[in-house]
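Observations on the three-dimensional arrangement
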Amino acid sequence: MTAVARDDDSPKEPKEAVDSTGAPEPDAVEDVEESPRPATPPQPEAEAATTEVKPGRHAKADEPDDEAEPDTAVESDIDAESDITVIPEQPAGPDEAFAKFAPAEEEEPKGWRRVRRGIGRFFIHEWTLAALGSIILAVAMTWPTLKYPAHTIPQDTGDPTLVAWMLAWSGHAVKTDIANLWHANAFYPEQFSYAFTDTLLGYFPAGLIGDGFQAALLRYNIIYVLLHALAFFGAYVLVRQLGSGRTGALVAGAAFAYAPWRLVQAGHVHVISTGGIALTLAMLARGHGFSLRHGYRPERRKPLWALAGWLTAAWQISLGFGIGLPFGYVLAIITLVSLILLLVKRFRHGPFPFGGKLFVADLVGGMIFAAVAVLMALPYLKVAQLHPYAVRSEAEVGAYSPPLRGFFISPAESAIWGDAHAPARESLSWVPEMTMLPGFVLYGLAAAGLIMSIWTLRQRILLGLGVALSIFLAMGTNPYGGGRPGYLTLYDFLPGWDALRTPGRLVIWTTLLLAILAAGAVSALVEQSKLASINRVPSRPHPLLRVATFIPVVLVLGEGLNNTPHPTVPPPPPSVVRAEGPVLVLPSDQLRDLHVMLWLTYEFQKTVNGGSGFTPQRTQEVREVTKQFPDATSVGMLRELGVKTVVVLRAQVVGTPYESALTAPVEGLGVERKEFADAVVFTLGQSGSPR
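Fair warning: this is a prediction, and the values are worked out from it, not measured in the lab. (Residues numbered from 1 in each chain as written. Predicted model: local features only at pLDDT ≥ 70, side-chain atom pairs only at ≥ 80, totals over all residues. Heavy atoms only, no water.)

1. What about the layout of surface pockets?
For clarity, the cut-off: The rule is simple: put a 1 Å grid over the protein atoms alone, call a set of points where a 1.4 Å probe fits but cannot get out a cavity, call an open set with protein on both sides within 12 Å along at least five of seven lines a pocket, and count a residue as lining if it has an atom within 4 Å of a point. Grid points are joined across faces, edges and corners, and a volume is the space filled by probe spheres set on the points. Helix and strand definitions here come from DSSP, where helices need a minimum of 4 consecutive H or I residues and strands a minimum of 2 consecutive E residues; each element is numbered from the N-terminal end. Classes in brief: Ala, Val, Leu, Ile, Met, Phe, Trp, Tyr, Cys and Pro nonpolar; Asp, Glu, Lys and Arg charged; the others, Gly included, polar.
Approximately 2,400 Å³ is the volume attributed to the largest pocket. Around the largest pocket, the lining is made up of 48 residues, and of these Ile-333, Ile-334, Thr-335, Val-337 and Ser-338 lie nearest the centre. Of all the secondary structure elements, the ones that give two or more residues to the lining of the largest pocket are α6 (213-242), α10 (275-287), β6 (295-296), α12 (321-349), α13 (356-386), α17 (457-474) and α19 (507-532). Counting residues per element, the lining of the largest pocket draws most heavily on α12, which supplies 16 residues. Looking at the lining of the largest pocket residue by residue, the class counts come to 37 nonpolar, seven polar and four charged.

Encoded structure:
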């Protein structure tokens, strides 16, 4: 017997399909066509039945391509009590006979075939391709960083060697003595010396692999490349979540990861490690079902994504407070504004779905983020207590504040603008913190985004105001009023802000907001190209038009090309590597001490040497007193500190105030002197005991 559905003139209407939240899904109802069959005798008592079609999962028309969900098969649900006419089976018609020769329906894969299909889908998924593409692009854009990664380092042999030591120390401390993590081997006998600058503690897993000088350089260079990849990927997924198309997302990722100002910060890994910021915002937006283009959609809530966003935020702030502190305050502002808007919406429109699971995810994630921030802050508060002069003064903030023209001046490391902007850089008092160009192409695309965009007019205005505010704050003490109101207002009232001496680094937020504006303009351009080609056969944009839409991506990346130097790092002298700690290596100054710290990454002997964001008074006193080493005063001071060995490097001490140590007598000092090809090594005995 066969059930036949009534034709379209049936008085009964199909039920409206609804999704899991109760919202109508217009495209969830599909017509059910009647298969042709031979004419049947009239059945006076027969009534045609309607079939109820269960709604499947359908891609919403206003979703980005990556969020579209595959349709499921439409199922007919025939109720035994529904209005159905039962008629006798008829002989098979010609069409039904030929149906026997049709290909068999594809079976659902099982076992290993299903696993292989899942793996295949993973590797062709947009996020996988974006991640792999980000890494490949980062290798190319930072070249030749990975050409000789165990011998060279980007930018110079100053701050990058400090960062290489920090990355090595965190892994060593976690492996050997995590209780003394904050009491590093440098700056002996100072306490909490690991917190003398941003620690990059979040990268400690990399420090668990390998030991020694070359491993430290290799680790640094790999992280240097990957942090650019993460910045690109983070911005890409953020603007995709906000509603941009793929081409617009590529522009945003390129702008955020390869803005010209980042080139001068190549030695400050803690400054250019910004990928976690964009990734956090993307995850939180996805977890809460929010996008700029479509607003808040409760049916899109994903609590685990929200939790992942908070965990990523905690990781980001563990890299340091230089950029982590403003990031934390931005998250607090976003949270507060979101709560106010949700309460206003509830007051005006009544209860709305939020979800208990999402609330728990936010609560737990927020508590983890706050706990990590507090635990990271405690050592820095202790340093401020032990060394009050470490707090940044207003004068120091002013010395590092870039003028407005600095946001249109490129650093020397830019392959495109470096030479052209050389005269302009001469007008800046501190070039490394005042060449803050996000990119002229980015400025142009963002300006276009204020006029033509996929974002609403209100959103464009708010993004534009955000750009202006971020530049105003990043100028530090330069705006009218000397920074009040402005950066110094935050310095006065926000906890921890007085530890930030470089206002210009807020250009991170300028760049991100400009990138979002630019993505809106490029996405609108791509959509217009599709509309212009709708009457073509086939209805796709002409290949040349498609290529043209990628020109903004190429131009933005072009401004990010670098000519960053990659000097060879001096290898460790054997006498330093095998020295018994605590040790002092002479000559001692900020730059040379950074090298010593890196040289001692084999065994991490305690060393009086140290270079960081500030110099402790005792370290400076040792440098001054030991200019007369070996004499009774310097030897006595070093013994009081517990120093056992002094290494005087032959190649470096010549021409410095420490040169006399090479030939000075040690009689009566209780000091043993040994001559080596690379150094003269002094072993300090107990006071008064001849050696």
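Further notes follow.
2. Some thoughts on the packing of aromatic side chains
Let me state the cut-off plainly: For Phe, Tyr and Trp, where Trp contributes only its six-membered ring, two rings pair if their centres lie within 6.5 Å, and the inter-plane angle classes them as stacked under 30 degrees, edge-to-face over 60, or tilted in between. Each residue's exposure class comes from its accessible area (1.4 Å probe, protein chains only) as a fraction of the maximum for that residue type: buried when under 20%, exposed when over 50%, partly exposed otherwise. Both a distance and an angle decide whether a charge sits over a ring: NZ of Lys or CZ of Arg must be within 6 Å of the ring centre and within 35 degrees of the ring normal.
The tally for this structure, following the rule as stated, stands at 20 aromatic pairs. With a centroid separation of 5.0 Å and 70° between ring planes, the pair formed by Phe-187 and Phe-196 is classed as edge-to-face. Judged by relative accessible area, which is 4%, Phe-196 ranks as buried. Ring geometry for Phe-321 against Tyr-380: centres 5.6 Å apart, planes inclined by 90°, an arrangement best described as edge-to-face. In this pair, Phe-321 is assigned in helix α12 and Tyr-380 in helix α13, connecting sequence segments 59 residues apart. For Phe-321, a relative accessible area of 13% translates into the label buried. One aromatic cluster in this structure is built from Trp-165, Trp-182, Tyr-194, Phe-321 and Tyr-380. If you follow Arg-262 out to its NZ or CZ, it ends over the ring of Trp-261, 5.9 Å from the centre. We note Arg-578 situated over the ring of Phe-676; from NZ or CZ to the ring centre the distance is 4.8 Å.

3. Considering a nonpolar patch on the surface
Selection criterion: Patches draw on residues past 30% relative accessible area with no salt bridge. Two like charges within 9 Å are joined, as are two nonpolar side chains (Val, Leu, Ile, Met, Phe, Trp, Tyr) within 5 Å. The Shrake-Rupley method, run with a 1.4 Å probe, gives the accessible areas here. Residue values count only the displayed protein chains as cover. Any carboxyl oxygen of Asp or Glu that lies within 4 Å of a side-chain nitrogen of Lys or Arg is treated as forming a salt bridge with it.
Taken together, the side chains of Leu-311, Phe-359, Val-360, Leu-363, Val-364, Met-367 and Ile-368 define a hydrophobic patch exposed on the protein surface, amounting to about 620 Å² of accessible area. Ranked by residues supplied to the nonpolar patch, first place goes to α13 with six residues. On the secondary structure map, Met-367 appears in helix α13. The exposed category is assigned to Met-367, whose relative accessible area is 54%.

4. Some words on the nonpolar core
Note the threshold: Throughout, nonpolar core names a set of buried Ala, Val, Leu, Ile, Met, Phe, Trp, Tyr and Cys residues whose side chains join them through atoms within 4.5 Å. Note on contacts: a residue pair qualifies if any of its non-hydrogen atoms lie within 4.5 Å across the two residues.
Ranked by size, the top nonpolar core spans 137 residues in total, and within it Trp-165, Tyr-194 and Val-647 carry the most contacts. Among the elements that line this core, the one with the most residues is α6, at 18 residues. Once residues lying within four places of it in the same chain are set aside, the contact partners of Trp-165 are Ala-184, Asn-185, Ala-186, Tyr-194, Met-597, Leu-598, Thr-601 and Phe-604. Counting residues in each nonpolar core, the second largest holds 22 residues, with Val-635, Leu-638, Ala-661 and Phe-682 among its members.

5. Focus on empty space enclosed by the protein
It is the rolling of a water-molecule-sized probe over the atoms that shows where space remains empty. This structure, assessed with the given rule, holds five cavities of 30 Å³ or more. Of the voids in this model, the largest cavity is the one considered here, and its volume is about 130 Å³. At the level of secondary structure, the elements contributing two or more residues to the lining of the largest cavity comprise α6 and α8 (261-264).

6. A short note on the packing of helix α7 (residues 246-257) against α19
Put simply, the test is: In this analysis, axes come from line fits to C-alpha atoms, helices being fitted only over the stretch in contact, and the angle between any two N-to-C directions falls in the range 0 to 180 degrees. Here the word oblique covers every angle except those under 35 degrees (roughly parallel), over 145 (roughly antiparallel) and from 65 to 115 (roughly perpendicular). Left-handed describes a crossing whose near helix is turned anticlockwise from the far helix by less than a right angle; the clockwise case is right-handed.
Direction vectors running N to C along α7 and α19 enclose 155°, while the axes themselves pass 7 Å from each other. The orientation of α7 relative to α19 falls into the category roughly antiparallel. Crossing handedness for the pair α7 and α19: right-handed. Side by side, α7 and α19 meet where Thr-247, Gly-248, Val-251, Ala-252, Ala-255 and Phe-256 of the first sit next to Ile-508, Thr-511, Leu-512, Ala-515, Ala-518, Ala-519, Val-522, Ser-523 and Val-526 of the second.

7. Some details on the pattern of salt bridges
Considering all chains together, one arrives at 16 salt bridges under this definition. Linking Lys-674 and Glu-672 is a salt bridge whose minimum nitrogen-to-oxygen distance equals 3.9 Å. Given the relative accessible area of 26%, Glu-672 is considered partly exposed. By sharing partners, the salt bridges in this structure join Glu-126, Arg-240 and Arg-246 into a single network.

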